[in-house]
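Observations on the model geometry
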Amino acid sequence: MPLLVPNQAPPEGYYAQNLRAVVDTVCHQYADLLTSDETYFANSALALSEPALRLLARLLSRTKTYIRLDSLSYADVGDVSKALHELSEADLISLDASGEASEILNLLTVTELKATFAHSDLKGRKSELIETIRARHDDMTIRVRISERQPWLHVIASQVFEVFCLLFFGNNMQKIEEFVIRDLGVTRFEAYEMDPAFRLFRDRRAIDRYQELQGLAETVESLGKTVTAEDAEDICRSLMTPEEDRVFELRRSRILNALGRNLERVNEHELALRCYRSSSAHPARERMMRILKKDGRVEVLEEVRAEILDGPRSYEERQFALRFAKPRTPQPTIELRESLAPTDEVASIENFAAQQLVDEGCQAWHLENLLPNGLFGLAYWDWLYASVRGSFVHPFQTAPLDLYWPEFFEVRQDTCEDPLAKPEELKARILAIADTKRGISSQLVAWSVLSRSLLNTILGAMKTEQIQGLLRIVTEDLRQFRAGFPDLTVVDQQGVIAFVEIKGPGDQLRPNQRLWIERLMQAQFNVYVWRFR
DNA sequence: AGTGCCCACG
DNA sequence: TTCACACCATCAA
DNA sequence: GATGGTGTGTCTCGTGGGCACTGT
Ligand SMILES: [Mn+2]
């Protein structure tokens, strides 16, 4: 029986308990790195009376930070106005009618706006209405007039609480709602070990820098191709120093790559080159080569090419350096089937092709990367959730933090058994883990797609060496081979497995797709491209 | 009156 | 709010 | 065929209420 049931009252004090858990954990882990504001928030929150903490938990779970008082009706809080005053006394919320006029005006409905700011000519969309009101009254008048009818509060603690969530989850995407999703039973998480002494953020600088990088990413994103040289200079100044932490460094490099790409679009080649030069992430050097080619700077181009070949960052980067701006060299030939494209509209060309294979007597599924990722995730389940310092930092993870980093296998090989060492047991191992772990969230295993019978059929159609071969490819480079797998997995009437990449008119193989196909052919799989014209 | 979006909620 | 992929336009050989 | 640009599906769920907006 799950802790929470939709539309049924949660256990007494449930949301407050979640809030307390986050604040407690962060305080224990990061007490010495918190600013005075953050420490103050933690102390005052933990010192609140139970009703006030319950109310605060609700307020912090709202998406907006300005909230109408008449929208607060929480039975488990009891005396709401008493709790409000307590929160206000603790400076966790403000009751003194603060805020931007436009934001506050948005708290009212159209009807209320018209009633509160009675003008005969108020009409149009709500946004236009608000503009009109703002043009006629100053902010103070607006606030006063609304607060007389519809008092509201501002959740001061919101910003600081975001930092607490960042420290708790180690990222800006997961929020405190994770608790609810888990307690409803929607997601189950593996019972991995965590080291409470481990810190994702080493020092205060790391916390601040994380947020700074987030801001820069947003700026670059929002500027897009309206970016000017001055903008870029500004942003670059904050991005030119390599980060010590590799996660930060990857983040920095990706922002530089995005900025560089935008600069290319506005023909700022020199600035773009500077961004790419400072970046340590693919495709920075690829973009450099393209720019240099365009500008006819052959010598520098060759220098970059040599640099890549000397230490390629990925298989794809190396492949690009080998082939770019060079006479065409033959590539391994791939079996090709060709058909006419369906005349009438179909939902997707992949499903159309799959249906045709079914009509021919085969079994066919559109699985793409879900198959290799799923098989790897199952065969290496214990590797994924092994106790490795720093790989798990909170209870809501679906993969270890170092999954896509080079030392993933190295740091686990002493404690985990290599599934490939006993190839004859692979099939049974994968099926057994699928049975025992079914439903537990994994970044690699899509349970809804990989049913027991599907796994049975597919694994049954693969020879032991083929399963081993497939996993060898994936484990060669988890990052590279997490994408590019052929669209369809097919088992024919003789029980022979094949993989098919479907190409509609005007679509062609991408480098990672070609790479997967070549590897699969080497591993003795039937693979072909099915092109519709 | 109908439709579709946003948001709180469990 | 990303990532992987398909689709589409354009250009060149 | 190469390249660049854009669109789509995907979300850790499902539901219900309130609201804006549209059309009669
Ligand atoms: Mn395809």
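Treat the numbers as computed from the prediction; the structure is a model and nothing was measured.

**A short note on the packing of helix α1 (residues 14-30) against helix α2 (residues 36-47)**
Running from N to C, α1 and α2 cross one another at 135 degrees; their axes reach a closest spacing of 10 Å. The orientation of α1 with respect to α2, classified from their angle, is oblique. Our pair here, α1 against α2, has a crossing hand that is left-handed. Residue-level contacts link Arg20, Val23, Asp24 and Cys27 of α1 to Phe41, Ala42 and Leu46 of α2. When the residues that make up the contact of α1 with α2 are grouped by side-chain class, the tally is 5 nonpolar, no polar and 2 charged.

**Concerning the pattern of salt bridges**
Under the definition given, this model contains 37 salt bridges. One salt bridge in this structure joins Lys422 and Glu417, with 3.3 Å as the shortest N-O distance. Judged by relative accessible area, Glu417 falls into the partly exposed class, the value being 45%.

**A look at the coordination of the manganese ion**
Protein coordination at the manganese ion: the donors are Asp487 (OD), Glu501 (OE) and Ile502 (O), at 2.0 to 2.3 Å from the metal. The sequence motif formed by the donor residues of the manganese ion is D-x13-E-I. Of this pair, Asp487 sits in the loop between α23 (464-476) and β6 (488-491) while Ile502 sits in strand β7 (residues 497-503), and the two are 15 residues apart along the sequence. Ile502 carries the same exposure label as Asp487, and that label is buried.

**Here we look at the protein's contact with DNA strand C**
Taken together, 17 residues surround DNA strand C, and among them Asn369, Gly484, Glu501, Arg510 and Gln513 come closest. What you see for DNA strand C is that sugar and phosphate hold 91% of its atoms within 4 Å of the protein. When residues of the surface near DNA strand C are traced back to their parent elements, those giving at least two are α18 (349-359), β7 and α24 (511-522). For the surface near DNA strand C, the residue count by class is 2 nonpolar, 6 polar and 9 charged.

**What to know about the sheet that holds strand β2 (residues 93-94)**
On the basis of which strands lie adjacent, the open sheet formed by 3 strands has the order β1-β3-β2 and antiparallel pairing. Each end of this open sheet is capped by a strand with a single partner; those strands are β1 (66-68) and β2. Examined bridge by bridge, β1 and strand β3 (residues 152-155) share 3 bridges and lie antiparallel to one another. The residue bridging Tyr66 from the neighbouring strand is His154, located in β3.

**A few points about the protein's contact with DNA strand D**
Taken together, 17 residues surround DNA strand D, and among them Val110, Arg125, Thr187, Arg265 and Arg287 come closest. Within 4 Å of the protein, the contacting atoms of DNA strand D are drawn from sugar and phosphate to the extent of 71%. With respect to DNA strand D, the side chain of Arg261 contributes an N or O atom lying 3.1 Å from a phosphate oxygen. Take Arg265: an N or O atom from its side chain is 2.9 Å from a phosphate oxygen of DNA strand D. Secondary structure elements with two or more residues in the surface near DNA strand D: α10 (177-183), α13 (246-265) and α15 (284-294). Each residue belonging to the surface near DNA strand D can be placed in one class, and the counts come to 4 nonpolar, 4 polar and 9 charged.

Reading the values: rules and limits
Residues numbered from 1 in each chain as written. Chains lettered and ligands numbered in written order. Predicted model: local features only at pLDDT ≥ 70, side-chain atom pairs only at ≥ 80, totals over all residues. Heavy atoms only, no water. Axes fitted to C-alpha atoms, helices over the stretch in contact; angles between N-to-C directions. Helix = DSSP H or I, 4+ residues; strand = E, 2+ residues; numbered from the N terminus. Parallel < 35°, antiparallel > 145°, perpendicular 65-115°, else oblique. Left-handed = near helix turned anticlockwise from the far one by under 90°. Contact = heavy atoms within 4.5 Å. Nonpolar A, V, L, I, M, F, W, Y, C, P; charged D, E, K, R; others polar. Salt bridge = Lys/Arg side-chain N within 4 Å of Asp/Glu carboxyl O. Buried < 20%, exposed > 50% of the residue type's maximum accessible area, 1.4 Å probe, protein only. Donors = N, O, S within 2.8 Å, 3.2 Å for Na, K, Ca; no water. Near = heavy atom within 4 Å. Pairing = 2+ DSSP bridges. Polar contact = N/O pair within 3.5 Å; in protein donor to acceptor, adjacent residues only side chain to side chain.

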